[in-house]
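Residues per chain are reported as follows:
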Amino acid sequence: MAMVKIFRYRLRALLSTSLSPSPVHSRSFSSSSFENVGFIGLGNMGSRMANNLLKAGYKLTVHDVNCNVMKKYSDMGVSTKQTPFGVAEASDVLITMLPSSSHVLNVYNGPDGLLQGGGHILRPRLLIDSSTIDPQTSRKLSASVSKCTLKEKKDNWESPVMLDAPVSGGVVAAEAGSLTFMVGGSEDAYLAAKSLLLSMGKNTIFCGGPGNGSVAKICNNLAMAVSMLGVSEALALGQSLGITASTLTNIFNSSSARCWSRAFGAGLVFSR
């Protein structure tokens, strides 16, 4: 339980220092300009999400720091760029799926980042970050993007917009195209992006203003961590008192203890 208390304390500290959500201005957006999709971050999650976009018929331009992954996509006939800014210049909408806040900040603000064009001029009308990062970073980047100028105004998109859209479901759901997207930002931009997101997932949930998608993901992870700790402790207790992990797993799976953590988390650790 000490771990739970520490996690809860850190979460409260994180959220209490978050910037106040930026005001969301209502505009009617169209998704008709989303023909060219940029994707940055082709790891275990991102590569599978990008593959589903290809299957859905989107024209993709990609970037990753892993040269082998870049070659793989190039061999598939997918356009690759050596910098994030290069991807932005070829995209109507751009998605990032990266390991941490520092990686996201580097892709946006680094020497060859998305926001390093002259006078902060952006071609993409919409930028979607599906990384699991802190709400402060999501809100700061959203504010920075909203101050940029669009290279070409089209379909009521007078300035670029950012959505934070972290996912739940893991690699298995990314492969199957059954992810759940938790989305923060402009609701109109969310509605315009919904069909694009549903090419990679089966659920999209609008969570409110900028950063709220990241807040939802942190809360979801907290609930999952508490569940995983409880299942782990129950399995450890049961084994110490003479019942096998496999027997307990069968019981949990057919009774009130059934949960995601039992199936995919602690249950696997203790089934030795």
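Everything below is about the structure shown above.
Residues numbered from 1 in each chain as written. Predicted model: local features only at pLDDT ≥ 70, side-chain atom pairs only at ≥ 80, totals over all residues. Heavy atoms only, no water.

### Focus: the overall build of the chain
Definition in use: Helix and strand assignments follow DSSP, with helices taken as H or I runs no shorter than four residues and strands as E runs no shorter than two, numbered in order from the N terminus. With a 1.4 Å probe rolled over the protein chains alone, any residue whose accessible area is under 20% of its type maximum counts as buried; one over 50% counts as exposed, and the rest are partly exposed. Only heavy atoms matter for contacts: two residues are in contact if any of them lie within 4.5 Å across the pair. Throughout, the Shrake-Rupley method with a 1.4 Å probe supplies accessible areas, and for residues the shown protein chains are the sole cover considered.
The helix and strand tally for the chain stands at 12 helices and 11 strands. Counting over 272 residues, the chain shows a buried share of 47%. Put simply, of all contacts in the chain between residues at least 6 apart along the chain, 67% involve residues at least 24 apart. As displayed, the chain offers around 13200 Å² of accessible surface, 55% of which is attributable to carbon and sulfur atoms.

### Let's talk about helix α6 (residues 135-146)
The condition is simple: Helix span, as expected, comes to 1.5 Å for every residue beyond the first.
Relative to the 16 Å expected for 12 residues at 1.5 Å per residue, α6 spans 16 Å between its end C-alpha atoms, a close match to the ideal helical length. For α6, every residue scored as buried is listed here: Pro135, Gln136, Thr137, Ser138, Arg139, Leu141, Ser142 and Val145.

### Overview of the pattern of salt bridges
Selection criterion: Salt bridge, as used here, is a side-chain nitrogen of Lys or Arg placed within 4 Å of a carboxyl oxygen of Asp or Glu.
By the definition in use, this model includes 6 salt bridges. Arg125 is the partner of Asp92 in a salt bridge, and the nearest nitrogen-oxygen pair spans 3.5 Å. Within this pair, whereas Asp92 is found in the loop between α4 (84-89) and β4 (93-96), its partner Arg125 is found in the loop between β5 (121-122) and β6 (126-129), the two being separated by 33 residues in sequence. You'll find Asp92 and Arg125 in the same group, each marked buried. Across the pair Arg125 and Glu152 runs a salt bridge, and its minimum N-O distance is 3.9 Å.

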